[in-house]
Amino acid sequence: MKSHFCLTCKKYPGYISTVLCGINLIIDKKGQASASAIRQMTEATVYRGPDATAHVTTTCGAGAMHIGHNRLKIIDRSDEANQPFRSEDGRYLLAYNGEVYNYKEIRRQLQARGHSLKTASDTEVVLHLLILEGANGLQQLDGMFALAFYDTATHQLLLARDRFGIKPLYYADTDQSFVVSSEIKGILASGLVPKELNQTQLECYLQYRHALKPQTFYKGIAELEEGHYLLWQNNSLTTTPYCSVSAPQQEEVVPTGQLISKTKELLCESVQRHLVADVPIGLFLSGGVDSTLLLALLHEAGHTQFPAFSIALKPSEGSFGTQDTYYARLAAERYKASFTPFEIDENILAGTDALVRGLDQPIADGTALVTSYLAGAVKPHVKVVLSGAGADELFGGYNRHWAFYQYLRHQNKALALRGVLRLAKPLLVTGFDHPLRNTFRLLNKLPDKIHPNPYNTFLQFTEMDSALQQLLKERSGRPKSVNQEKDWLKWCLQHDLHQYLISDVLSMTDQTSMQHSLEVRTPYLSNGLHQYLQGMAGGTLFRQGQKWVLKEVLAAQGGKEFTNRPKEGFGMPLGKWLRDPKNSWLFQELRDSKAILFEFLNYTQTQQLLHLHLNGRHDYSTEVWALLVLAKWLQFNFAS
């Protein structure tokens, strides 16, 4: 199946040399490192691009530059598009991971300025843009990418990452070398950077589910932040943001009809661009608003039997499961998709160790296991999938967004309610299946999260249970800042866009999908849609309910019943499965008082928290899973 299909004009828009791959690079400052180091890096990350691997070595001052690239061929699959990509005069080198959707417009601009391009690839367009404009050209790129651009004449290296952080890039700077990779495991495989645990990130993880960038779980290894570039020259490096969108000074009044129609127009344009490929494309379909809307727009454009994939849970899971199976099947029938569900049960937990071993850093998100399973299941069918990731952050789709909106409107009442809910907590039982279980779970969390200051309140809305941080033997005790914002709703969406989305959702998606050499594309994360939404105050996106704009677009596509379903995560009934005695093997590291985890956490208190979940009184599945992943990851990576 070729998908060169234009969503609106139904013509084939042409070729993009899509390169969803792995970048590896070493600047050997003193010319003493073995050339085998770059080969070790590409071997460690070969699953990111199993179709072609290449290495280039060139001079870099008194030392040498080694660039390695693993290529996953999606479009323009000829060897001429392999990388590292060199300019015709041999001066410039580009190692590129990603896809630029507006490359044809940039290509025309380059040609008008006298540049001659020999291929039809976006890789060559990016190369010429950087030759012409350097870092100033980055803000023109609309797409997902990470790149390394090297000038052999000046010995200057430019690293850059897309504004949404869809594609990752890490680096480490030592006295002997500067090492870069798409994955931390690539850097470690070089043998040039010591493997040391960054203990400061343990507390961040137990609060927010992940490390807080630019730091990582490894000392000396940093993450290049989204929308930033790094310049390295003469053993000196600087990082600089290349794009920023300022919040509006006052609320722009946008008529409802105009907002809905413009959102649909921009989303249609983005979906159109995301369909270009020389390999089969499918869709991760949960039956929620975001993925169902993508399918509805595909159907409107004339796509029938579009491959859609979902997981299916047994009805017996009750309130511990989700209604995704029902709604995904309904969406596939409504919009005439080719639907393939993959039924899962607790046997999926057998993949936990393999999942954790594959993670660069621990991420306390059970969805990672489901995503990894689904990526492996769909790979025989397609090589690219569309995902609804990013919609919640742009349009205010998480329950915490709506709760924060209500908190801001009724702050005094919320503070009064805090005391009532604390008294009611013992009655809000969440450990067994009953109709109000999910509501009780939300109410249980509220008393400890509501604060007189909005900044602290939203940060606490994003945190896991405070009992996790209390397990640490040493805590920083850093107080939360008292921030003042003119637009708290806009700020909360920006916070999730630049923290949770990147370090949890996108990082987890990239790692689990690339382990299976599967490319995941995110149509909601487009420059045009993002910039349009930034031009209005946050209250606009909440004035008619949670994620109302997308719901109105979907309702107009005949999807009213999908807009009324409650918000559910794309996950699994962990709370129930973790209590099954046959899954007790999962707790091996948590039960072992000599495990590395308990160099940092209190063993007795950890057992008490585990007992609270296993005895069935309360559902602490999120917290128990976080501990499981952390314990296993530490054991796999730092056991002597």
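Our structure's up above, just so we're on the same page.
Every chain is numbered independently, its residues counted from 1 as its sequence is written. Where totals are concerned, whole chains, interfaces and linings use all residues; where local detail is concerned, this predicted model gives features only for residues with pLDDT of at least 70, and gives and counts side-chain atom pairs only at 80 or more. As a convention, hydrogens and water are excluded, and side-chain values are obtained from all of the structure's heavy atoms.

A few words now on the packing of helix 12 (residues 399–409) against helix 16 (residues 488–498). Packed helix pairs are characterised by how far apart their axes lie and by the angle those axes make with each other. Closest axis-to-axis distance for the helix 12/helix 16 pair is 10 Å, and the angle between their directions is 160°. Taken as axis vectors, helix 12 and helix 16 run roughly antiparallel relative to one another. Judged by the twist between their axes, the crossing of helix 12 over helix 16 is right-handed. In this structure, helix 12 uses Arg 400, His 401, Phe 404, Tyr 405 and Leu 408 to contact helix 16, whose residues at the interface are Trp 488, Leu 489, Cys 492, Leu 493 and Asp 496. Residues belonging to the contact of helix 12 with helix 16 are distributed by class as follows: seven nonpolar, one polar and two charged. Each axis is a line fitted through C-alpha atoms, and for a helix only the stretch in contact is used; angles between axes span 0 to 180 degrees, taken between their N-to-C directions. Counting from the N terminus, the helices are DSSP H or I runs at least four residues long and the strands are E runs at least two residues long. For this classification, under 35 degrees means roughly parallel, over 145 means roughly antiparallel, 65 to 115 means roughly perpendicular, and everything else is oblique. Helix crossings fall into two classes, left-handed where the near helix is turned counterclockwise from the far one by less than a right angle and right-handed where it is turned clockwise. In what follows, a contact means two residues having at least one pair of non-hydrogen atoms within 4.5 Å. Three classes are used: nonpolar for Ala, Val, Leu, Ile, Met, Phe, Trp, Tyr, Cys and Pro, charged for Asp, Glu, Lys and Arg, and polar for all others, with Gly counted as polar.

Once that is clear, we can look at helix 15 (residues 454–462). Along an α-helix, a turn takes 3.6 residues, which lines up residues three or four apart on a common side. When a residue's accessible area, from a 1.4 Å probe over protein chains only, is under 20% of the maximum for its type it is buried; when over 50% it is exposed; and in between it is partly exposed. Counting buried positions over the nine residues of helix 15 gives nine, a clear majority of the element. Of the positions making up helix 15, those classed as buried are Pro 454, Tyr 455, Asn 456, Thr 457, Phe 458, Leu 459, Gln 460, Phe 461 and Thr 462. In protein, a polar contact means a hydrogen-donor-capable atom and an acceptor-capable atom, both N or O and within 3.5 Å, with residues adjacent in sequence counting only if both atoms are side-chain atoms; elsewhere, any N or O pair within 3.5 Å suffices. By the N-cap criterion, in which a side-chain oxygen at the helix start approaches the backbone nitrogen of a residue two or three places on, helix 15 is capped by Asn 453, the distance to Tyr 455 being 3.0 Å.

So, about the packing of aromatic side chains. For any pair of aromatic rings, the description rests on two quantities: the centre-to-centre distance and the angle between the ring planes. In this scheme Phe, Tyr and Trp rings, the latter by its six-membered ring, pair at centre separations within 6.5 Å, and the angle between planes marks the pair as stacked below 30 degrees, edge-to-face above 60, and tilted otherwise. For the structure shown, the criterion picks out 22 aromatic pairs. Summarising the aromatic geometry, the rings of Tyr 398 and Tyr 500 are spaced 5.6 Å apart at their centres and angled 90° between planes, so their arrangement reads as edge-to-face. With Tyr 398 in the loop between helix 11 (391–395) and helix 12 and Tyr 500 in helix 17 (residues 500–514), the pair connects residues that are 102 residues apart, well separated along the chain. Of the two residues examined, Tyr 398 and Tyr 500, each falls in the buried class.

In this section: the sheet that holds strand 17 (residues 519–521). Here, strands pair whenever DSSP counts at least two bridges between them. As summarised here, the arrangement of the five strands in space is 15-14-13-16-17, forming an open sheet in which the pairing is parallel. Two strands close off the open sheet at either side, each with one partner strand: strand 15 (338–343) and strand 17. When the angles between neighbouring strand axes are averaged without regard to direction, this sheet yields 30°. In this structure, strand 13 (residues 281–284) lies alongside strand 14 (residues 307–312), joined through two bridges in parallel fashion. The residue bridging Leu 283 from the neighbouring strand is Ala 308, located in strand 14. Sheet strands touched by helix 8 (residues 324–334): strand 14 and strand 15. Its angle to strand 15, the strand with the most contacts, is close to 165°.

Our focus in this paragraph is the nonpolar core. One finds Leu 285, Phe 395 and Tyr 524 to be the most contacted residues of the largest nonpolar core, which totals 76 residues. Counting residues per element, this core draws most heavily on helix 7 (residues 289–300), which supplies seven residues. As used in this record, nonpolar core signifies buried Ala, Val, Leu, Ile, Met, Phe, Trp, Tyr and Cys residues forming a set joined through side-chain atoms within 4.5 Å. Membership of the second largest hydrophobic core comes to 74 residues, among which are Ala 172, Val 179, Val 193 and Phe 598.

A separate point is the sheet that holds strand 7 (residues 156–161). One open sheet accounts for six strands, arranged 4-5-6-7-11-12; its pairing is antiparallel. Sheet topology places strand 4 (85–86) and strand 12 (236–241) at the edges, where each strand pairs with a single neighbour. In this sheet, strand 6 (residues 143–151) lies alongside strand 5 (residues 92–100) in antiparallel orientation, the contact comprising nine bridges. For Ala 95, the partnering residue across the bridge sits in strand 6 and is Ala 148.

Attention shifts here to the pairing of strand 6. Among the nine residues of strand 6, nine are classified as buried, and the element is accordingly described as predominantly covered. Residues of strand 6 alternate between two faces, with Gly 143, Phe 145, Leu 147, Phe 149 and Asp 151 on one and Met 144, Ala 146, Ala 148 and Tyr 150 on the opposite face, all of them buried. Bridge count between strand 6 and strand 7: six bridges; the pairing is antiparallel. Its bridge partner being in strand 7, Phe 149 is matched across the sheet by Leu 158. Hairpin geometry of strand 6 and strand 7 is characterised by an intervening segment of four residues between the two adjacent antiparallel strands and by a positive phi of about 60° at His 155.

Here we come to the pattern of salt bridges. We define a salt bridge as a contact between a side-chain nitrogen of Lys or Arg and a carboxyl oxygen of Asp or Glu at a distance within 4 Å. Inspection of every chain in the model, using the stated rule, returns 23 salt bridges. A salt bridge links Lys 29 to Asp 173, with the nearest nitrogen and oxygen atoms 2.7 Å apart. Placement of Lys 29 in the loop between strand 1 (22–28) and helix 1 (36–44) and of Asp 173 in strand 8 (residues 170–173) is noted, with a sequence separation of 144 residues between them. A relative accessible area of 36% means that Asp 173 is categorised as partly exposed. Connected through shared salt-bridge partners, Glu 105, Asp 142, Glu 269 and Arg 273 make up one network.

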